[in-house]
Number of protein chains: 2
Amino acid sequence: MSKCEQCIVKEFNALKTLTKEELIRVSACKTGKHYKKGDVIFEEGETLNGVFCIRDGVCKLTKLSENGKDQVVKLIVKGELLGKRSLISNESTNLSAVALNDMEMCFIPKSEIMLDLNKNPKFTMDVLKDMAHELKDADDSLVNMAQKSVKQRLAETLLYIEKNFGTDNDGYLSIVLSREDYASIVGTATESTIRILSQFKKDGLISTAGKKIKIEDENELKRIE
Amino acid sequence: MSKCEQCIVKEFNALKTLTKEELIRVSACKTGKHYKKGDVIFEEGETLNGVFCIRDGVCKLTKLSENGKDQVVKLIVKGELLGKRSLISNESTNLSAVALNDMEMCFIPKSEIMLDLNKNPKFTMDVLKDMAHELKDADDSLVNMAQKSVKQRLAETLLYIEKNFGTDNDGYLSIVLSREDYASIVGTATESTIRILSQFKKDGLISTAGKKIKIEDENELKRIE
DNA sequence: ATAATTACATGACAAATATCATATTTTATA
DNA sequence: TATAAAATATGATATTTGTCATGTAATTAT
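Residues numbered from 1 in each chain as written. Chains lettered and ligands numbered in written order. Predicted model: local features only at pLDDT ≥ 70, side-chain atom pairs only at ≥ 80, totals over all residues. Heavy atoms only, no water.

## Some thoughts on the protein's contact with DNA strand D
Looking at DNA strand D, there are 16 residues lining it, with Val150, Thr188, Ser192 and Arg195 of chain A together with Arg195 of chain B nearest. A share of 58% is what sugar and phosphate atoms reach among the atoms of DNA strand D within 4 Å of the protein. Ala189 of chain A has a polar backbone atom sitting 3.3 Å from a phosphate oxygen of DNA strand D. Contact distances for DNA strand D include 3.0 Å between a phosphate oxygen and a side-chain N or O atom of Ser198 of chain B. Every element with two or more residues in the surface near DNA strand D is listed here: α7 (190-202) of chain A together with α7 (190-202) of chain B. (Near = heavy atom within 4 Å. Polar contact = N/O pair within 3.5 Å; in protein donor to acceptor, adjacent residues only side chain to side chain. Helix = DSSP H or I, 4+ residues; strand = E, 2+ residues; numbered from the N terminus.)

Right under this line is the structure:
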């Protein structure tokens, strides 16, 4: 397992603010974990005693609604720190995390992170900025959910995934999700998702190969209402 | 205008973590502002050069959706700090703030707050905790918006307002909102809101006097699906 | 390789919600 | 107080979305 101070992944998250000495210390107590597609990393209500630094793979953060359906709140990829929020507020997680493909992560115990938060104000400030940004994203998501049609939300989800997680060599979205996952992101019934994707395909906005999706007409997708 | 170090309001927000000396310094540079019902405190996209500490009154934080409708993201009352997020991330606000009744606020310049954030790690940590909590609330709101019916969301909004902002002597919700405001919180058309409130009234779940609303059957409201 | 399971797809219909029209009531203003 | 303007109310109707049923394709397990 590579050392934190040499790890490229930390450049994408708040850990980059730590000094070399701090990183060496953190590195010494971290443990490597891997998860296979579908594995539950943690579940809503659990107490986390540390944070996960994602080295590879993607997972979804979900919350069980009162009506029994799961809602995807966020997709998390390489570089992000998982479990920050509940560690900071010292509460059990409000979300579940499930691997969407095979994942490599480092687990850093709570005590280590708290030490850094208490000792390195620059680090705390960086985490704070990070969280401020997440809060802004959350506001945007809420407005989209409240004001846009299912079709529009699905179109935007496809565009979001392409923009943030990229495509493979053939142009297909590199994150492959089930229709059910898409439904759970958009907040709709699986059948509705399937229907709309079929329509998009018919209209030449996307093409598919198995579960893989390729965006064919980005501009038209953006114009969906 | 009262002094920060003696102000009771600060007990409800992150300012309570500041030392007496810091509070005296902050107090010296703050300016009092008041707004009348309907006044715009700031608008989406503006650069804020400070935060507002709310001493009295209520305001709504809204965001303009691409379809031209305003969405209420949050209601803010006495004790809360307004403008924290954009100050921390050093970006323009992503939300507009509009007074829902007459408001008394203190405006604390950005430089003061940043000084405290840089000098007092306990304060930073407190702001961080605050923000972690807001993020949790945001997750919950998203799930509610995505998974619950308009009727259910409206019922919960009424219960939320009663719980968090209380009632007047006659039992009416102390925050008086227009039907349009309720629609904008719930994310629906004004007519739908009016219809559902009429139904609630008919079913004896609420009663009204002008724009004022009184919850008559809390349990039944909670049971709405 | 075949059976069993799961995911995807689509039709038919029901329910929820939006939109438009138009009263009526309330509130603000001359 | 009279009048205008805004907010509330409600009907009629269109649109969107959900639900249930059923069939097909793709995966997974035996």
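Don't stop here, the text continues.
## Considering the nonpolar core
In terms of nonpolar packing, the biggest core is built from 51 residues, with Ile88 and Leu117 of chain A together with Ile88 of chain B touching the most fellow members. Apart from the residues within four sequence positions on either side, Ile88 of chain B is in contact with Met125, Leu128, Lys129 and Ala132 of chain A together with Leu117, Val127 and Met131 of chain B. If you look at the next biggest cluster of nonpolar residues, it comprises 42 residues, including Phe42 and Phe52 of chain A together with Tyr35 and Ile41 of chain B. (Core = buried A, V, L, I, M, F, W, Y, C linked by side-chain atoms within 4.5 Å. Buried < 20%, exposed > 50% of the residue type's maximum accessible area, 1.4 Å probe, protein only. Contact = heavy atoms within 4.5 Å.)

## Observations regarding the protein's contact with DNA strand C
Taken together, 15 residues lie near DNA strand C, and Arg195 and Ser198 of chain A together with Thr188, Ser192 and Arg195 of chain B sit nearest. Backbone sugar and phosphate groups make up 54% of those atoms of DNA strand C lying within 4 Å of the protein. At 2.9 Å from a phosphate oxygen of DNA strand C is found a side-chain nitrogen or oxygen belonging to Ser198 of chain A. For the surface near DNA strand C, the secondary-structure elements that each account for two or more residues are α7 of chain A together with α7 of chain B. Counting residues per element, the surface near DNA strand C draws most heavily on α7 of chain A, at four residues. In the surface near DNA strand C, the residues fall into three nonpolar, five polar and seven charged. (Nonpolar A, V, L, I, M, F, W, Y, C, P; charged D, E, K, R; others polar.)

## Overview of the relation of the copies chain B and chain A
Aligned on chain A, chain B shows an RMSD of 0.0 Å; the corresponding rotation is 180° and the shift along the axis is 0.0 Å. With respect to symmetry, the two chain copies, as superposed, fit the operation of a two-fold axis. Residue by residue, 100% of the interface of chain B is reproduced at the interface of chain A, so both copies engage with the same surface. (Least-squares fit on C-alpha atoms with pLDDT ≥ 70 in both.)

## What to know about the UniProt feature "domain: Cyclic nucleotide-binding" (unreviewed entry) in chain A
If you check UniProt for "domain: Cyclic nucleotide-binding" (unreviewed entry), the listed places come out as residues 14-110 of chain A in our numbering. The span residues 14-110 of chain A carries 18% helix and 44% strand; its end-to-end C-alpha distance comes to 15 Å. (UniProt positions renumbered as here; feature names shortened; annotations may be inferred.)

## Overview of the sheet that holds strand β5 (residues 70-77) of chain A
Residues and elements named next belong to chain A. In spatial order, the strands read β2-β7-β4-β5; together these four strands make up an open sheet with antiparallel pairing. If you trace the sheet from one side to the other, it starts and ends with β2 (40-42) and β5, each paired once. Taking the axes of each pair of neighbouring strands and ignoring which way they run, one obtains an average angle of 30° across the sheet. Looking at chain direction, strand β4 (residues 58-64) and β5 are connected through seven bridges and run antiparallel. The partner of Leu64 across the bridge, within β5, is Asp70. (Pairing = 2+ DSSP bridges. Axes fitted to C-alpha atoms, helices over the stretch in contact; angles between N-to-C directions.)

## Concerning the interface of chain B and chain A
Contacts between the two partners involve 40 residues from chain B, matched on the other side by 40 residues from chain A. Between chain B and chain A, roughly 3900 Å² of surface is buried when both sides are summed, and carbon and sulfur atoms account for 69% of that area. Between Lys63 of chain A and Asp140 of chain B there is a salt bridge, with the nearest N and O atoms lying 3.3 Å from each other. Taken together, the links from chain B to chain A amount to 14 residue pairs in polar contact (both at pLDDT 80 or more). Contributing elements (two or more residues each) for the side of chain B that touches chain A: β5 (70-77), α2 (84-89), α3 (110-119) and α4 (121-147) of chain B. Here the side of chain B that touches chain A takes 20 residues from α4 of chain B, the largest share from any one element. Residue composition of the side of chain B that touches chain A, by class: 17 nonpolar, 10 polar and 13 charged. (Buried area = accessible area lost by both parts, 1.4 Å probe. Salt bridge = Lys/Arg side-chain N within 4 Å of Asp/Glu carboxyl O.)

## Quick notes on unusual backbone geometry
The bulk of non-glycine residues show a negative phi, and the bulk of peptide bonds are trans. Positive phi, close to 60°, is recorded for Asn90 of chain A, a residue that is not glycine. Along the polypeptide, Asn90 of chain A turns up in the loop between α2 (84-89) and β7 (96-99).

## Structural notes on the UniProt feature "domain: HTH crp-type" (unreviewed entry) in chain A
The residues that UniProt annotates with the feature "domain: HTH crp-type" (unreviewed entry) are residues 148-219 of chain A. In the segment residues 148-219 of chain A, helix accounts for 54% and strand for 11%; the C-alpha atoms at its two ends are 18 Å apart.

## Some words on the sheet that holds strand β1 (residues 31-35) of chain A
Residue and element names in this part refer to chain A. Sheet architecture is open: four strands sit in the order β1-β8-β3-β6, paired in antiparallel fashion. Strands at the two margins of the open sheet, each flanked by one partner only, are β1 and β6 (81-82). When β1 meets strand β8 (residues 103-109), the two strands line up antiparallel, connected through five bridges. When the bridges of β8 are listed, Lys33 appears paired with Met105. Helix α3 (residues 110-119) rests against β3 (50-56) and β8 of the sheet, and its axis sits at about 65° to β8.

## As for the side chain of Ser89 of chain B
All names here are of chain B. The topology assignment puts Ser89 in helix α2. Among the residues examined, Ser89 registers a relative accessible area of 13% and is labelled buried. Looking at Ser89, its side chain comes within polar contact range of the side chain of Glu91, at 3.1 Å.

## Observations regarding the pattern of salt bridges
Evaluated as defined, the whole model comprises 32 salt bridges over all chains. For Glu91 of chain A, the salt bridge identified is with Arg85 of chain A, shortest N-O distance 3.5 Å. Residue Arg85 of chain A is classed as buried on the basis of its relative accessible area of 9%. With a shortest N-O distance of 3.5 Å, Lys63 of chain B and Glu44 of chain B are connected by a salt bridge. Here Lys63 of chain B, found in strand β4 (residues 58-64), pairs with Glu44 of chain B, found in the loop between β2 (40-42) and β3 (50-56); they are 19 residues apart in sequence, far enough to count as distant. Given the relative accessible area of 15%, Lys63 of chain B is considered buried.

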